[in-house]
Amino acid sequence: MRNLNQDNITQAVIASFSATEDPRIKQIMTSLVQHLHAFAREVKLTEAEWFQGIDFLTRCGHITSDKRQEFILLSDVLGLSMLTVAMNNDKPAGCTESTVFGPFHVAGAPHYELGADIANGAKGTPCLVRGRVSGLDGEPVPGAVLDVWQSDDDGLYDVQHEGLEQAQARGVVTADAQGRYHFRSILAVPYSIPHDGPVGQLLEATGRHPWRPAHLHFMVTAPGYETLITHVFRDRSDYLDSDAVFGVRQSLVCDWVQQPDGSYLLEYDFVLNPAAAQREAA
Ligand code: BEZ
Ligand code: FE
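Notes on the structure in this doc start here. (Residues numbered from 1 in each chain as written. Chains lettered and ligands numbered in written order. Predicted model: local features only at pLDDT ≥ 70, side-chain atom pairs only at ≥ 80, totals over all residues. Heavy atoms only, no water.)

**Quick word on the coordination of the iron ion (ligand 2)**
The test is simple: Each metal's donors are the N, O and S atoms within 2.8 Å of it, or within 3.2 Å when it is Na, K or Ca, and because water is not part of the set, sites may look incomplete. Between 85 and 135 degrees for all angles marks four donors as tetrahedral; over 155 degrees for opposite donors together with 65 to 115 for all other angles marks four donors as square planar and six as octahedral; every other arrangement is irregular. Elements are defined by DSSP. Helices are runs of H or I of four residues or more, strands are runs of E of two residues or more, and each kind is numbered from the N terminus. Exposure is judged per residue with a 1.4 Å probe applied to protein chains only, and the accessible area is read against the type maximum: over 50% gives exposed, under 20% gives buried, and values in between give partly exposed.
Those donors, Tyr157 (OH), Tyr191 (OH), His215 (NE2) and His217 (NE2), are the protein atoms that reach the iron ion (ligand 2), and they lie 1.9 to 2.1 Å from it. Coordination at the iron ion (ligand 2) is irregular: its 6 donor atoms span angles of 54 to 165 degrees at the metal. Sequence spacing of the donors to the iron ion (ligand 2): Y-x33-Y-x23-H-x1-H. Taken as a pair, Tyr157 in the loop between strand 2 (145-149) and strand 3 (170-174) and His217 in strand 7 (residues 215-221) lie far apart in primary sequence, 60 residues in all. Residue classification places Tyr157 among the buried residues on the basis of a relative accessible area of 0%.

**So, the environment of Ser237**
Filter applied, for reference: In this description, contact between two residues means that some pair of their heavy atoms is separated by no more than 4.5 Å. Counted as a polar contact is a pair of N or O atoms within 3.5 Å, where, for protein atoms, one must be capable of donating a hydrogen and the other of accepting one, and residues adjacent in sequence contribute only when both atoms are in side chains.
By the element assignment, Ser237 lies in the loop between strand 8 (228-234) and strand 9 (253-254). Sequence separation of Ser237 and Ile9 is 228 residues, and the distance between their C-alpha atoms is 50 Å. Once residues lying within four places of it in the same chain are set aside, the contact partners of Ser237 are Pro190, Pro213 and Ala214. Polar side-chain contacts of Ser237 include one of 3.0 Å to the backbone nitrogen of Ala214.

**Re helix 2 (residues 23-43)**
For clarity, the cut-off: Given the number of residues in a helix, its expected span is that number minus one, multiplied by 1.5 Å.
Counted at 1.5 Å a residue, the expected span for helix 2 with its 21 residues is 30 Å, and the 30 Å between its end C-alpha atoms agrees. The distance from a side-chain oxygen at the start of helix 2 to the backbone nitrogen of Arg24 is 2.8 Å, and the residue carrying that oxygen is Asp22. Where helix 2 ends, the next residue or the one after it, Lys44, has phi of about 50 degrees, a positive value.

**Brief notes about the packing of helix 4 (residues 70-77) against helix 6 (residues 198-205)**
Just so we agree on the cut-off: Between N-to-C directions, angles cover 0 to 180 degrees, with each direction set by a line fitted to C-alpha atoms, over the stretch in contact for helices. Note that the term roughly parallel is reserved for angles under 35 degrees, roughly antiparallel for angles over 145, roughly perpendicular for angles of 65 to 115, and oblique for everything else. In the scheme used here, Gly and all other residues not listed as nonpolar or charged are polar, with Ala, Val, Leu, Ile, Met, Phe, Trp, Tyr, Cys and Pro taken as nonpolar and Asp, Glu, Lys and Arg as charged.
Taken N-terminus to C-terminus, the directions of helix 4 and helix 6 make an angle of 25 degrees; their axes are 9 Å apart at the nearest point. Classified by the angle between their axes, helix 4 and helix 6 sit roughly parallel to one another. Residues Glu70, Leu73, Leu74 and Val77 of helix 4 touch helix 6, and the partners they reach there are Pro198, Val199, Gly200, Leu202 and Leu203. Per-class residue counts for the contact of helix 4 with helix 6 are 7 nonpolar, 1 polar and 1 charged.

Purely geometric stuff here, so don't read any function into it on its own.
Rendered as structure tokens:
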């Protein structure tokens, strides 16, 4: 009979995966156990701390609903979401960089004509947004679809307003034959990620704030190109250097220019990465 102790348990757990059929699952589980055990050894995890960790994850589960995903939030504040995005979106120079998706995208947002006001009543300073979608060689991407979403002046997305049925400050527009797009919305402002749950307690316990710098979300899709999920950040916004979810990329920061009438203008061009099949054929 085997006699397990703190020195040989890691190898025993890893050996228990030996019959795993899927090699990727085997690799991931082996590495996970190695790192998890190394972590417990390094910090000399006490039983009380282990239980605190279990309790934390349990509370993350309890607060999670179809409107709130505390585990993604946890991944975001630990930088795991952004690390995964960065590792999987290593594009050629010149392509628009990707950043975190976030929890506030809604599939099936209303489609608008170019030039429409997607704010649809959301509170905020008017802002015109325009630009061009192109490929790496500067070729226009006609008909590129831009799915856009943002928070309002109170720092809340429409889905966070109890009882609000219609989409506000979100919508889908289609670029014209030259890949150009324009729509009206509102000025983005910094806002705090949901922090009334266990992730908020974690931020507080570690002396961190829950704020994100002002940004507008984009998901840009077009046949023959990789889908781009990104934000455009507002230059000189607070929190650019301390984004709670580590999503800022310098190339995504842009001047939102105040106009004589007090409204704003954001001009931003997107450069899409050709899909893998297109790249190989080139
Ligand atoms: C967002 O930008 O919408 C977001 C991203 C990560 C966590 C919370 C919100
Ligand atoms: Fe956001």
